[in-house]
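Listed below are the residues making up each chain.
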Amino acid sequence: MRSLLFSFFFILLSSSLMAQKDCNAYRNGKFKLVDAASKTTYLIERKGKLQTESIVGTSDKLDFIVNWIDDCTYSLTPTPKTQEILKSDLVVYTKIIGINSKELVLVTYMKDVPNSEIEMKVQIIE
């Protein structure tokens, strides 16, 4: 009986962890990010190879080209117009490290930029 219970628990835990690793459902969608430091709210829409970030309360929009590296990791390359706005062409890499019904936990970083890694939570809107 004990081994049956252990097997059931192991199967339940394994399927739960596998569900958390399925990032494909979040390749497209709408998300909300609140920057804790600046209190700025961003609305993010990812559709195909384009991600648009709007800053709530402004008319500012930033567009990025999305390149999926693996199931849960992607890069964001600013479009030429966004490069002009940001005064930068740095590519941001993002890895989805956690998923639940209401939010994604992400780690973002820029290659060759020391101490650029940031963990953040993004609310799932759609």
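Check the entry above for the structure.
Worth saying up front: this structure is predicted, and the values here are computed from it rather than measured. Starting from 1, residues in each chain are numbered consecutively following that chain's sequence as written. Given that the model is predicted, a residue must reach a pLDDT of at least 70 before its local features are reported, and side-chain atom pairs must reach 80 or more before they are shown or counted; all residues, however, enter totals for whole chains, interfaces and linings. Side-chain calculation: all heavy atoms of the structure are included, whereas hydrogens and water are not.

Let us now look at the sheet that holds strand β7 (residues 103–109). Judged by pairing direction, the barrel is antiparallel, and its eight strands sit side by side in the order β1-β2-β3-β4-β5-β6-β7-β8 before closing back on the first. Taken over all neighbouring pairs, the strand axes of this sheet differ in orientation by 35° on average, direction set aside. Here, strands pair whenever DSSP counts at least two bridges between them. Helical segments are the DSSP runs of H or I of at least four residues, strand segments are the runs of E of at least two, and each set is numbered from the N terminus. Sheet topology note: the β7/strand β8 (residues 118–124) ladder contains six bridges and is antiparallel. Along β8, the bridge assignment pairs Val105 with Lys121. Axis lines are fitted through C-alpha atoms, for helices just across the contact stretch, and the angle between N-to-C directions can take any value from 0 to 180 degrees.

Moving on to the pairing of strand β3 (residues 50–55). The side chains of a regular strand alternate, residue by residue, between the two faces of the sheet. Note on classification: 1.4 Å probe, protein chains only; a residue is buried when its accessible area is under 20% of the maximum for its type, exposed when over 50%, partly exposed between these limits. Counting buried positions over the six residues of β3 gives five, a clear majority of the element. Counting the residues between successive antiparallel strands, the hairpin from strand β2 (residues 41–47) to β3 contains two residues, one of them, Gly48, with a positive phi of roughly 65°. For β3 and strand β4 (residues 61–70), the ladder comprises five bridges, and the chain directions are antiparallel. Bridge pairing links Ser54 to Lys61 in β4. Hairpin geometry of β3 and β4 is characterised by an intervening segment of five residues between the two adjacent antiparallel strands and by a positive phi of about 90° at Gly57.

The next point concerns a nonpolar patch on the surface. Side chains of Leu43, Val56 and Ile125 sit close together on the surface and give an oily, nonpolar patch of about 250 Å² of accessible area. Position of Val56 among the secondary structure elements: in the loop between β3 and β4. Overall, Val56 belongs to the partly exposed group, its relative accessible area being 48%. Two distance rules govern patches: like charges are joined within 9 Å, and nonpolar side chains (Val, Leu, Ile, Met, Phe, Trp, Tyr) within 5 Å, applied only to residues with over 30% relative accessible area and no salt bridge. Computed with the Shrake-Rupley method and a 1.4 Å probe, the accessible areas treat only the protein chains shown as cover for residues. Only one rule defines a salt bridge in this text: a Lys or Arg side-chain nitrogen within 4 Å of an Asp or Glu carboxyl oxygen.

The rule for a disulfide is simple: a pair of cysteine sulfur atoms within 2.5 Å. Scanning the entire structure with this criterion turns up one disulfide. Each sulfur in the disulfide pair Cys23 and Cys72 lies 1.9 Å from the other. Disulfide Cys23-Cys72: the torsion about the S-S bond is 90°, which places it as right-handed. Of this pair, Cys23 sits in the loop between α1 (2–20) and β1 (29–34) while Cys72 sits in the loop between β4 and β5 (73–78), and the two are 49 residues apart along the sequence. Take Cys72: its relative accessible area is 9%, and that puts it in the buried class.

Our focus in this paragraph is the side chain of Arg46. Examined against the element boundaries, Arg46 turns out to sit in strand β2. For the charge count, each Lys or Arg is scored as positive and each Asp or Glu as negative, with His and the chain ends excluded. As a buried residue without a salt bridge, Arg46 has its nearest oppositely charged side chain in Glu53, at a separation of 7.0 Å. Whenever two N or O atoms come within 3.5 Å, that pair is a polar contact, provided that in protein one can donate a hydrogen and the other can accept it, and provided that, for residues adjacent in sequence, both atoms are side-chain atoms. For Arg46, the side chain forms a polar contact with the main-chain oxygen of Arg27, separated by 3.3 Å. Here Tyr74 takes part through its side chain, which lies 3.2 Å from a polar atom of the side chain of Arg46. Working rule for contacts: check all heavy atoms of both residues, and any pair within 4.5 Å makes them a contact. If we skip the residues at most four places from it in the chain, Arg46 touches Tyr26, Arg27, Asn28, Gly29, Phe31, Gln51, Val66, Trp68 and Tyr74.

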